[in-house]
Amino acid sequence: FSGLNGAMLVNPDFALGTAGWDDPSVVYNGDGSTMALSVEEGALKAEVVAGSNPYTPRFGQMNVPFEIDTTYEVSFKAKSSVEKVINLQVGELLTSSPWFTDFKPSQTEHRTITTEWATYSYKFTMTLDNPRGGVLFELGAIGGVGVDATVWFDNITIEAITVDDEEPELTGVKETLTIAVDSVYNPMAGVTAYDVFDGVMT
């Protein structure tokens, strides 16, 4: 189901409590993790004991009507009782192997949630015709390090981006370079460019 008033998520501001975010087919614990979800002062409160995998525990929402060939920005406000790195995922949960269809393959999104309220976001381009997936907030171990914490979330939004105002990401660019006289110089050697809308632009 899609959200009210054209929103892509149900209950993105938690005005309806945990509704839309506590589906037992999405919420998951394992590897010794625990998570208690409630609403406190209008924000989702997740009391977390981290498991040994990024997705233990997790919460989120499926059946988000993503459209193919569209770029989206997912944003949210959050704070944590102690600094905590979380994994942000988007895709479809499956009931059998391979268990998950990743909507942003090879794109890893970690955010370090601090003890003060801040806004976090990431962008991805939907390349599949699949309206069954959604967003996941994974609160387990990152890089083998699990941090127990209470994390608050608010104003989770998904918006289609229609204007390309993002600069491409350049890698391999050298700030200084020494070139011998009469040598062959290729300014693009080792340089790559990636754009969230256009993909590889090298």
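Residues numbered from 1 in each chain as written. Predicted model: local features only at pLDDT ≥ 70, side-chain atom pairs only at ≥ 80, totals over all residues. Heavy atoms only, no water.

Novice: I'd like to hear about the packing of aromatic side chains, residue by residue, with values.
Specialist: Inspection of the entire model under this criterion finds 14 aromatic pairs. Arranged with centres 5.6 Å apart and planes meeting at 45°, the rings of phenylalanine 14 and tryptophan 21 form a pair that is tilted. No difference in accessibility class separates phenylalanine 14 from tryptophan 21, as the two residues are buried. Members of the aromatic cluster, each reached through a chain of ring pairs, are Phe14, Trp21, Phe59, Phe76, Tyr120, Phe137 and Phe153. Seen from the ring of tryptophan 117, lysine 77 lies directly overhead, with NZ or CZ sitting 5.3 Å from the centre. (Phe/Tyr/Trp six-rings, centres within 6.5 Å; stacked < 30°, edge-to-face > 60°. Buried < 20%, exposed > 50% of the residue type's maximum accessible area, 1.4 Å probe, protein only. Lys NZ or Arg CZ within 6 Å of the ring centre and 35° of its normal.)

Novice: A description of the pattern of salt bridges should follow, citing residues and the corresponding values.
Specialist: Taken as a whole, this structure holds four salt bridges when the rule is applied. Here lysine 45 ties to glutamate 40 by a salt bridge, and the two come within 3.1 Å at their closest N and O atoms. Judged by relative accessible area, glutamate 40 falls into the partly exposed class, the value being 32%. We note a salt bridge from glutamate 73 to lysine 123, for which the minimum N-O separation is 3.6 Å. Of the two residues, glutamate 73 is situated in strand S4 (residues 70-80) and lysine 123 in strand S8 (residues 118-126); the sequence distance between them amounts to 50 residues. With a relative accessible area of 24%, glutamate 73 lands in the partly exposed category. (Salt bridge = Lys/Arg side-chain N within 4 Å of Asp/Glu carboxyl O. Helix = DSSP H or I, 4+ residues; strand = E, 2+ residues; numbered from the N terminus.)

Novice: Quick rundown of the pairing of strand S10 (residues 149-161)? Include the residues and the values.
Specialist: Across five bridges, strand S2 (residues 43-49) lies against S10 in antiparallel orientation. Bridge pairing in S10 places lysine 45 opposite tryptophan 152. The pairing of S4 with S10 spans nine bridges and is classified as antiparallel. Within the sheet, the bridge partner assigned to serine 80 lies in S10 and is valine 151. (Pairing = 2+ DSSP bridges.)

Novice: Outline the sheet that holds S8, listing residues and values.
Specialist: Spatial ordering of the open sheet is given by S1-S2-S10-S4-S8, a layout of five strands whose pairing is antiparallel. Edge positions in the sheet fall to strand S1 (34-40) and S8, since each of these pairs with one other strand and no more. Averaged over neighbouring strand pairs, the angle between their axes works out to 30° when direction is ignored. (Axes fitted to C-alpha atoms, helices over the stretch in contact; angles between N-to-C directions.)

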